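# An overview of the molecular structure
Chain residues, written in single-letter form:
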Amino acid sequence: MMCVSARAEPDLSQFASTSFSQIQQGVGSLAASGDPRAGDILAALQAGRLLVGTDKQIYIKTDTGTVSAATGQPTEAPGARPLRVNNNVRVAVDTALGIVRLLSTDPAQRAAAAEAVFHSRDTSAIAVLDKAIAQETVPGIKRTMQEARAASLLGTDGSSDADRLASIAILSNRGDMESRSFMSSIPNPSPPVAAAAGKAIDSIDLWQKVWTVVQGAFYGVSLGSVLLLAAAGLAITFGVMGVINMAHGEMVMLGAYTTFVVQEAIRNYAPGLFGASLFIAVPMAFLVSGVVGVAIERCLIRFLYGRPLETLLATWGLSLVLQQAVRSIFGADNRNVGSPAWMSGAEQVGGVLITNNRLAIIIFAVLVLAALMAVLRYTSLGLRMRAVTQNRRMAAAMGIRTPWVDAMTFGLGSGIAGMAGVALSQIDNVSPNLGQGYIIDSFMVVVFGGVGNLWGTALGALVLGVVNKFLEPIAGAVLGKIVVLVLLIAFIQRRPRGMFPLKGRAVEA
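Quantities reported herein were computed from a predicted structural model and do not represent experimental measurements.

Conventions used here
- Residues numbered from 1 in each chain as written.
- Predicted model: local features only at pLDDT ≥ 70, side-chain atom pairs only at ≥ 80, totals over all residues.
- Heavy atoms only, no water.
- Helix = DSSP H or I, 4+ residues; strand = E, 2+ residues; numbered from the N terminus.
- Rg over C-alpha atoms; globule rule 2.2 N^0.38 Å.
- Buried < 20%, exposed > 50% of the residue type's maximum accessible area, 1.4 Å probe, protein only.
- Areas by Shrake-Rupley, 256 points an atom, 1.4 Å probe, with all protein chains shown as cover.
- Lys, Arg positive; Asp, Glu negative; His and termini not counted.
- Charge placed at Lys NZ, Arg CZ, Asp CG, Glu CD.
- Axes fitted to C-alpha atoms, helices over the stretch in contact; angles between N-to-C directions.
- Parallel < 35°, antiparallel > 145°, perpendicular 65-115°, else oblique.
- Contact = heavy atoms within 4.5 Å.
- Nonpolar A, V, L, I, M, F, W, Y, C, P; charged D, E, K, R; others polar.
- Core = buried A, V, L, I, M, F, W, Y, C linked by side-chain atoms within 4.5 Å.
- pLDDT = per-residue confidence, 0-100.
- Phe/Tyr/Trp six-rings, centres within 6.5 Å; stacked < 30°, edge-to-face > 60°.
- Pairing = 2+ DSSP bridges.
- Polar contact = N/O pair within 3.5 Å; in protein donor to acceptor, adjacent residues only side chain to side chain.

A count of helical and extended segments in the chain gives 20 helices and six strands. Compactness check: the chain gives a C-alpha radius of gyration of 33 Å against a globular reference of 23 Å for 509 residues, more than 25% above the reference. The buried share of the chain, taken over its 509 residues, is 44%. Counting only carbon and sulfur atoms, one obtains 61% of the accessible surface of the chain, whose full area is about 25200 Å². Side chains of the chain carry 40 positive and 32 negative charges; the gap between the two charge centres is 13 Å.

Written out as structure tokens, the structure is:
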């Protein structure tokens, strides 16, 4: 007859000590033991539910009574009191729970535990890491465990050169600044280890410079997409009508406030639709700003064609009126526009942090540009707009109703500005002054790219966005804008019509 031995109970004697250092050692020993009850015991200690009785036995308090920490069986706990801990013990418990969770059946817990051990460099986790690595099947989690093991080995004074060299190779592939810090603080490195660490540090420094450039390029493209959204409508109205519309920024503001109103209505009447609030706000903002734009053209702009100075002054005054109207309706304080869950957070791609809201705005700008190009190329309105842009008199002689085209063009440009306001509400304060921060930059983009040319506007927005973001760390935000403006003036001196000037008899006359 075969005798089956019972599973050994974990040694919890150090937890009954009155010495915090003894309890801390007990936490580390329990985590390294691999006992299946270690996680429950440590979680109970972290939550303040671990008790010590007068018989020096350890118990766990539950909703229905107490159980033995060693066996998990319900039992009486004579004179039990909560185990006393200090900050050192709490830190040790947090680290130990990370070690124990390396063997969890939940992949998310294993990944988080491996990352926690990497940051803590706990040498007591090496044995558990070896076991976890041997049985891990998810490549990404396994790689993180190997990096955690490498970081722990580098911090161990007694590690062999072979282990340290292998650890340096692993951390060099990870390539972040924390890995660099680990390799720059190896205790008592031998000459080969020191040389390998120095080479790995140089490699990380080089890659960090590359990732810094890529991160700056992403921020530049992000800023360029914002400028493109704000300037696309202006490129149409300025190109077709020759109107210097200083109230264009207020169309952006109206789009942002439309987003606020839509979200407030959804919060009050259909909170389950909040995730789709921006999809509802985009057409609403286009409609509101577009209708206001048509009203402005019919009631004001059409009387001022051919008088650019009067147009500038009139639209500047109109912008003040619109700002004050919004203050009277919504107040002067910033309004809260929320971000849906799918636009929150960020993703780490290599050494670049990609924020979801910025990425969404870039994609939105591309879609808006594509839709606008399709309207101009494939619709009758677009055909008439292009005809009026190239030669207004000839278009009128061919039977095109140029006043109607002017109104629709102004409405289209204002509607696009409203959609820009939806995007800007996710990254900027929604206030009556929202549009003022983008009107000058929008004119710069339009003039730089070529008046009336959408491709030029898109390229101009990207160029100015990237240049701004690379100059800001060097010269500062204000001086950087001044440098960009000076460079733009120098460029316009050489190419007064921008990068991509429109072709046409009226344009070339």
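Structure's up, so let's keep going.
This paragraph deals with unusual backbone geometry. The phi dihedral of Lys56 is positive, around 65°, even though this residue is not glycine. Positioned with a positive phi, Asn188 is a non-glycine residue whose angle comes to about 50°. Structurally, the position occupied by Asn188 is in the loop between helix H8 (177-184) and helix H9 (191-241). In this structure Asn188 comes out as exposed when scored by relative accessible area, which is 62%.

On to the environment of Ser328, then. Within the secondary structure, Ser328 is located in helix H12 (residues 308-330). For Ser328, a relative accessible area of 59% corresponds to the exposed category. When the C-alpha positions of Ser328 and Leu227 are compared, they lie 28 Å apart, and in sequence the two are 101 residues distant.

Here the focus is the packing of helix H13 (residues 356-378) against helix H14 (residues 380-390). Contact geometry of H13 with H14 gives a least axis separation of 5 Å together with a crossing angle of 80°. It follows that H13 is roughly perpendicular to H14 by the angle criterion. Where H13 approaches H14, its residues Val375, Leu376, Arg377 and Tyr378 are matched on the opposing element by Ser380, Gly382, Leu383, Met385 and Arg386. Of the residues that constitute the contact of H13 with H14, the class distribution is five nonpolar, two polar and two charged.

Moving on: the nonpolar core. Core analysis: the largest hydrophobic core is formed by 77 residues, its most contacted members being Leu229, Leu372, Met385, Ile416 and Leu464. The leading source of residues in this core is H9, at 13 residues. Setting aside chain neighbours within four positions, we find Leu372 in contact with Ala232, Ile236, Leu412, Ile416 and Leu454. Ile23, Ala96, Ala113 and Val128 belong to the second-largest nonpolar core, a separate cluster that totals 53 residues.

Averaged over every residue, the pLDDT of the chain is 85; residues scoring 70 or more account for 95%. Confidence drops under a pLDDT of 50 for residues 1-6, and excluding neighbours within four residues, the segment shows zero contacts in the predicted structure. Across residues 504-509, where pLDDT falls below 50, the model places twelve contacts with residues more than four positions away in sequence or in other chains.

Attention now moves to the packing of aromatic side chains. Taken as a whole, this structure holds six aromatic pairs when the rule is applied. Both rings, one in Phe260 and one in Phe330, keep their centres 6.0 Å apart while their planes meet at 80°; by these two values the pair is edge-to-face. You can see Phe260 sitting in helix H10 (residues 248-269) and its partner Phe330 sitting in helix H12, a full 70 residues away along the chain. With respect to burial, Phe260 and Phe330 carry one shared label: buried.

Reading across from one edge, S3-S2-S1-S4 is the order of the four strands in this open sheet, with antiparallel pairing throughout. Only two strands of the sheet have a single neighbouring strand rather than two, namely strand S3 (66-68) and strand S4 (81-82). In terms of strand pairing, strand S2 (residues 58-61) meets S3 through three bridges, oriented antiparallel. Each residue of the ladder has a partner; that of Ile60, found in S3, is Val67.

Attention now goes to the environment of Arg164. Inspection of the secondary structure assignment puts Arg164 in helix H7 (residues 161-174). Considering only alpha carbons, one finds Arg164 and Ser152, twelve residues apart in sequence, at a separation of 9.9 Å. Among the polar contacts listed, one links the side chain of Arg164 to the backbone oxygen of Thr156, at a separation of 3.0 Å. A polar contact is formed between the side chain of Arg164 and the backbone oxygen of Asn188, at a distance of 3.3 Å.

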